[in-house]
Amino acid sequence: MGKWKCLWCFKVLEGESFMDLVMAPKDVSEPPHAWKNITLVEEETDLASKLLA
């Protein structure tokens, strides 16, 4: 499962793929999002923290 973060509003969602986010039901008043996959960034940060400890 991946974590996706919006670059504009910092909303974080989880989904299997980018298409899960695209196909998810949306609120009409909600602005468009620019999704970035943050799963690998979090894993790399955790690994770097363990190596530096």
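As shown above, the structure is provided for reference.
Computed from a predicted structure; not experimentally measured.

A. Just the overall build of the protein, in detail. Counting its secondary structure elements, the protein contains 2 helices and 3 strands. Reading the protein from its N terminus to its C terminus gives the helix and strand order β-β-α-β-α. For a compact globule of 53 residues, the expected C-alpha radius of gyration is about 10 Å, and the protein comes in at 14 Å, more than 25% above that figure. Expressed as lengths along the three principal axes of its C-alpha atoms, the size of the protein is roughly 45 × 20 × 10 Å. Burial analysis of the protein (53 residues in total) assigns 17% to the buried set. Of all intrachain contacts in the protein linking residues separated by at least 6 positions in sequence, the fraction that spans at least 24 positions is 53%. Summed over its atoms, the accessible surface of the protein is roughly 4,400 Å², and 64% of this surface lies on carbon and sulfur atoms. Taking the average location of the 6 positive side-chain charges in the protein and that of its 9 negative ones, the two points are 4 Å from each other.

B. How the structure looks around a nonpolar patch on the surface. Among the surface-exposed residues, Phe 18, Met 19, Val 22 and Met 23 lie close enough to one another that they form a single nonpolar patch of about 390 Å² accessible area. Here Met 19 lies in helix H1 (residues 18-23).

C. Geometry of the environment of Ser 29. Mapped onto the fold, Ser 29 is located in the loop between H1 and strand E3 (35-37). The spatial distance from the C-alpha of Ser 29 to the C-alpha of Val 12 is 18 Å, given a sequence separation of 17 residues.

D. Expanded view of the sheet that holds strand E1 (residues 2-6). Read from one edge of the open sheet, 3 strands run E2-E1-E3, paired in antiparallel fashion. Of all the strands in the sheet, just strand E2 (12-15) and E3 have a single pairing partner and so form its edges. Averaged over all neighbouring strand pairs, the angle between strand axes comes to 35°, with direction disregarded. Pairing of E1 with E2, which is carried by 4 bridges, proceeds in the antiparallel orientation. If you follow Lys 3 over to E2, its bridge partner there is Glu 14.

E. Region of the structure containing the environment of Phe 18. With respect to the helices and strands, the residue Phe 18 is situated in helix H1. What makes Phe 18 partly exposed here is its relative accessible area of 37%. Put simply, Phe 18 and Trp 8 are 10 residues apart on the chain and 17 Å apart in space, counted from C-alpha to C-alpha. Sequence-distant contacts of Phe 18, that is, excluding residues within four places in its chain, are made with Trp 4 and Trp 35.

Cut-off values and rules
Residues numbered from 1 in each chain as written. Predicted model: local features only at pLDDT ≥ 70, side-chain atom pairs only at ≥ 80, totals over all residues. Heavy atoms only, no water. Helix = DSSP H or I, 4+ residues; strand = E, 2+ residues; numbered from the N terminus. Rg over C-alpha atoms; globule rule 2.2 N^0.38 Å. Buried < 20%, exposed > 50% of the residue type's maximum accessible area, 1.4 Å probe, protein only. Contact = heavy atoms within 4.5 Å. Areas by Shrake-Rupley, 256 points an atom, 1.4 Å probe, with all protein chains shown as cover. Lys, Arg positive; Asp, Glu negative; His and termini not counted. Charge placed at Lys NZ, Arg CZ, Asp CG, Glu CD. Patch = residues over 30% accessible without salt bridge, like charges linked within 9 Å, V, L, I, M, F, W, Y side chains within 5 Å. Salt bridge = Lys/Arg side-chain N within 4 Å of Asp/Glu carboxyl O. Pairing = 2+ DSSP bridges. Axes fitted to C-alpha atoms, helices over the stretch in contact; angles between N-to-C directions.

Everything listed is a geometric property; what it means functionally is a separate question.
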